Amino acid sequence: MSGDFPKLLVATEFPPNASGGGPAVVRQMLKGWPVEKLCWWSCLPDHDQLFGQKTAAHRVATIPSRLYPHRRWPQAKSWVLEHVWTRWAARHVKKTITALQPEAVWVIPHAWAIPPLARVLQPGNIVFHTSVHDYPDTGSRVERFGLARSRWMASLVDRLYSSATTRDAISQPMIADLRARTGSAAAQIARAGLEEEDFAWLSHKPDERIEELRIAYAGTIIAEEAFGIFVEALSRIRKQLLLPVSLELFGNDSYRARQWFDPSWMRERDNLAEPALTDAMRKCAWGFSPMSLTDDDPRYNRYSFPTKFISYLAAGLPVITLGHRNSSVVQMAEAYGVGLCTQTSDVQKLAAELLTALSQREAVSAYRPAIVRCARAEFDARKMRAVLHECLRKCAQNKA
């Protein structure tokens, strides 16, 4: 190991500049890592440099775009990936490690990166750190990959987690669940967080008069049923509010074809990189963070944690949190009181709650102490990054 930063290989499905919450977490945790000591292995190529993440080397075990299981023939494509592509990709991982000679390996077991990495990273074979962001047997993955295959992937994630030298997960409920099933302890939380400049901005943010109730939504809409209930409730009370309302959708996906989309008060915004996304959301008045209103997908609802919630805190926005009472984000929102938190699926009741919340003229100022308290306690990026970097150094020392 040379210097304070070992030569690092990040191994996961997504490339360095992918969009989405998981890639954003990884890039934030790599802040300060020297580019010349950063290598990457992925299953998907980097199409652009939107987020500015550079590497000294990037090896891609390419999954052809037509072979990736999206909507057409997902089960057949998954079978090919499992039984044919995985063997080739595992050899690709071995060759990458041999060629690049990393001093530490950071594994983020995501989707189709899981099978080849699990083949190569056997217990006692290679020291590595692993970060679990989402379980592979959540509802959307089961629909695309099949139940048996998703559960097989989940068992591989458990094996990678227990075999790792050091480990972390996205939420405390996930850490408790992994400990109960694998017996592996000594795990930390690593997720998106606020930087010191975010805390400084929150401390000195001037109170501004709001002329429009812009409600931000960041990322892909996963809990679309809950999202639709929210839109219907909001549409019922818009004309009762003193200020005009708009719903600002930030991200790659377009929802103009959805039945609920109303261009008269909804706006699709660009997929922005940090810090432009935070700057844009700071012009909003609220953030919206929905999860499923039922517990029919507990592996996602209870254990994953949406990065959008943290992005809203960094922008100083009170959060409208909607979801089942057992979901991780609802429990967090209730614990700290960072905005309106509700579990109702009744449109009329939700409309009444939204009317009360959105009628607060000084909501941003009123919720700011709770936002800062929550962010300091749960989402301090500098502290989480320091712990992760120390884990990676420990891996490098064990390898040496």
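Check the entry above for the structure.
As a starting point, this report considers the structure included with it. (Residues numbered from 1 in each chain as written. Predicted model: local features only at pLDDT ≥ 70, side-chain atom pairs only at ≥ 80, totals over all residues. Heavy atoms only, no water.)

### Brief notes about a positive patch on the surface
Phase 1 of the analysis: A surface patch of like charges, here positive, comprises Arg 87, Arg 91, Lys 94, Lys 95 and Arg 119.
Phase 2 of the analysis: Relative to the helices and strands, Lys 95 resides in helix H2 (residues 74-100). (Patch = residues over 30% accessible without salt bridge, like charges linked within 9 Å, V, L, I, M, F, W, Y side chains within 5 Å. Areas by Shrake-Rupley, 256 points an atom, 1.4 Å probe, with all protein chains shown as cover. Salt bridge = Lys/Arg side-chain N within 4 Å of Asp/Glu carboxyl O. Lys, Arg positive; Asp, Glu negative; His and termini not counted. Charge placed at Lys NZ, Arg CZ, Asp CG, Glu CD. Helix = DSSP H or I, 4+ residues; strand = E, 2+ residues; numbered from the N terminus.)

### Some words on the packing of helix H5 (residues 147-163) against helix H6 (residues 172-182)
Phase 1 of the analysis: One way to put it is that H5 packs onto H6 with a least axis distance of 10 Å and a crossing angle of 90°. With respect to H6, the element H5 is oriented roughly perpendicular. Here Asp 158, Tyr 161 and Ser 162 of H5 come into contact with H6, specifically with Leu 178, Arg 181 and Thr 182.
Phase 2 of the analysis: Looking at side-chain class alone, the contact of H5 with H6 contains two nonpolar, two polar and two charged residues. (Axes fitted to C-alpha atoms, helices over the stretch in contact; angles between N-to-C directions. Parallel < 35°, antiparallel > 145°, perpendicular 65-115°, else oblique. Contact = heavy atoms within 4.5 Å. Nonpolar A, V, L, I, M, F, W, Y, C, P; charged D, E, K, R; others polar.)

### What about the environment of Thr 86?
Phase 1 of the analysis: Residue position: Thr 86 is located in helix H2.
Phase 2 of the analysis: A relative accessible area of 1% places Thr 86 in the buried class.
Phase 3 of the analysis: For Thr 86 and Pro 15, which are 71 residues apart along the polypeptide, the C-alpha to C-alpha distance reads 18 Å.
Phase 4 of the analysis: With sequence-adjacent residues up to four places away left out, Thr 86 is seen in contact with Leu 81, Trp 112, Pro 115, Pro 116 and Arg 119. (Buried < 20%, exposed > 50% of the residue type's maximum accessible area, 1.4 Å probe, protein only.)

### Digging into the sheet that holds strand S3 (residues 57-60)
Phase 1 of the analysis: Ordered in space as S3-S2-S1-S4-S5-S6-S7, the seven strands form an open sheet in which the pairing is parallel. With one partner strand each, in any of the chains shown, S3 and strand S7 (187-189) form the two edges of the open sheet. Here the average twist between neighbouring strands, direction ignored, is 20°.
Phase 2 of the analysis: Note: strand S4 (residues 104-107) against strand S5 (residues 129-132), two bridges, orientation parallel. Pairing of Val 107 across the sheet is with Thr 130, part of S5.
Phase 3 of the analysis: Along the sheet face, H6 touches S5, strand S6 (166-169) and S7 and points at about 165° away from the line of S7. (Pairing = 2+ DSSP bridges.)

### Comments concerning the pairing of strand S2 (residues 38-42)
Phase 1 of the analysis: Counted residue by residue, S2 has five buried out of five residues, so it is predominantly covered.
Phase 2 of the analysis: With burial as the criterion, each face of S2 is covered, one bearing Leu 38, Trp 40 and Ser 42 and the other bearing Cys 39 and Trp 41.
Phase 3 of the analysis: For strand S1 (residues 8-11) and S2, the ladder comprises four bridges, and the chain directions are parallel. From the neighbouring strand, Val 10 faces S2, where its bridge partner is Trp 40.
Phase 4 of the analysis: Read from S1 through helix H1 (residues 21-29) to S2, the crossover connection turns out right-handed.
Phase 5 of the analysis: The pairing of S2 with S3 spans four bridges and is classified as parallel. Looking at the pairing, Trp 40 lines up with His 58 of S3. (Right-handed = clockwise from strand over helix to strand, strands pointing away.)

### Details of the pattern of salt bridges
Phase 1 of the analysis: Enumeration according to the criterion identifies 22 salt bridges in this entry.
Phase 2 of the analysis: A salt bridge links Lys 31 to Glu 195; its shortest N-O distance comes to 3.8 Å. One end of the pair, Lys 31, is in the loop between H1 and S2; the other, Glu 195, is in the loop between S7 and helix H7 (196-204), and 164 residues separate them in sequence.
Phase 3 of the analysis: Assessed through its relative accessible area of 8%, Glu 195 is described here as buried.
Phase 4 of the analysis: With its nearest N and O atoms 3.1 Å apart, the salt bridge here joins Arg 236 to Glu 232. You can see Arg 236 and its partner Glu 232 sitting in helix H8 (residues 224-237), four residues apart, about one turn around the helix.
Phase 5 of the analysis: Arg 236 gets classed as partly exposed once you look at its relative accessible area, which sits at 46%.
Phase 6 of the analysis: The network of salt bridges with common partners includes Asp 137, Asp 158, Asp 177, Arg 181 and Arg 299.

### With respect to empty space enclosed by the protein
Phase 1 of the analysis: This structure, assessed with the given rule, holds four cavities of 30 Å³ or more.
Phase 2 of the analysis: Estimates place the volume of the largest cavity at around 50 Å³.
Phase 3 of the analysis: In terms of lining residues, the largest cavity is bounded by Tyr 217, Thr 220, Ile 222, Ala 223, Pro 290, Met 291, Ser 292, Tyr 300, Pro 306 and Lys 308.
Phase 4 of the analysis: Tallied by class, residues from the lining of the largest cavity come to seven nonpolar, two polar and one charged. (1 Å grid on protein atoms, 1.4 Å probe; cavity = no way out; pocket = protein on both sides within 12 Å on 5 of 7 lines; lining within 4 Å. Points joined across faces, edges and corners; volume = space filled by probe spheres on them.)

### Regarding the packing of aromatic side chains
Phase 1 of the analysis: Counting across every chain of the model gives 14 aromatic pairs.
Phase 2 of the analysis: Arranged with centres 6.2 Å apart and planes meeting at 50°, the rings of Tyr 217 and Phe 288 form a pair that is tilted. Here Tyr 217 is found in strand S8 (residues 213-218), whereas its partner Phe 288 is found in strand S11 (residues 286-290), with 71 residues between them in sequence.
Phase 3 of the analysis: Residue classification places Tyr 217 among the buried residues on the basis of a relative accessible area of 2%.
Phase 4 of the analysis: Pairing Trp 286 with Tyr 367 gives two aromatic rings, centres 5.9 Å apart and planes at 65°, and the pair type is edge-to-face. Taken together, the positions of Trp 286 in strand S11 and Tyr 367 in helix H14 (residues 363-378) put the pair 81 residues apart, joining distant regions of the chain. In this structure, Trp 286 and Tyr 367 share a single accessibility class: buried.
Phase 5 of the analysis: Linked through ring pairs, Tyr 217, Phe 227, Phe 230, Tyr 255, Trp 260, Phe 261 and Phe 288 together constitute an aromatic cluster.
Phase 6 of the analysis: One cation-aromatic arrangement involves Arg 167 over Tyr 161; the distance from NZ or CZ to the ring centre is 5.5 Å.
Phase 7 of the analysis: One cation-aromatic arrangement involves Arg 393 over Phe 5; the distance from NZ or CZ to the ring centre is 5.5 Å. (Phe/Tyr/Trp six-rings, centres within 6.5 Å; stacked < 30°, edge-to-face > 60°. Lys NZ or Arg CZ within 6 Å of the ring centre and 35° of its normal.)

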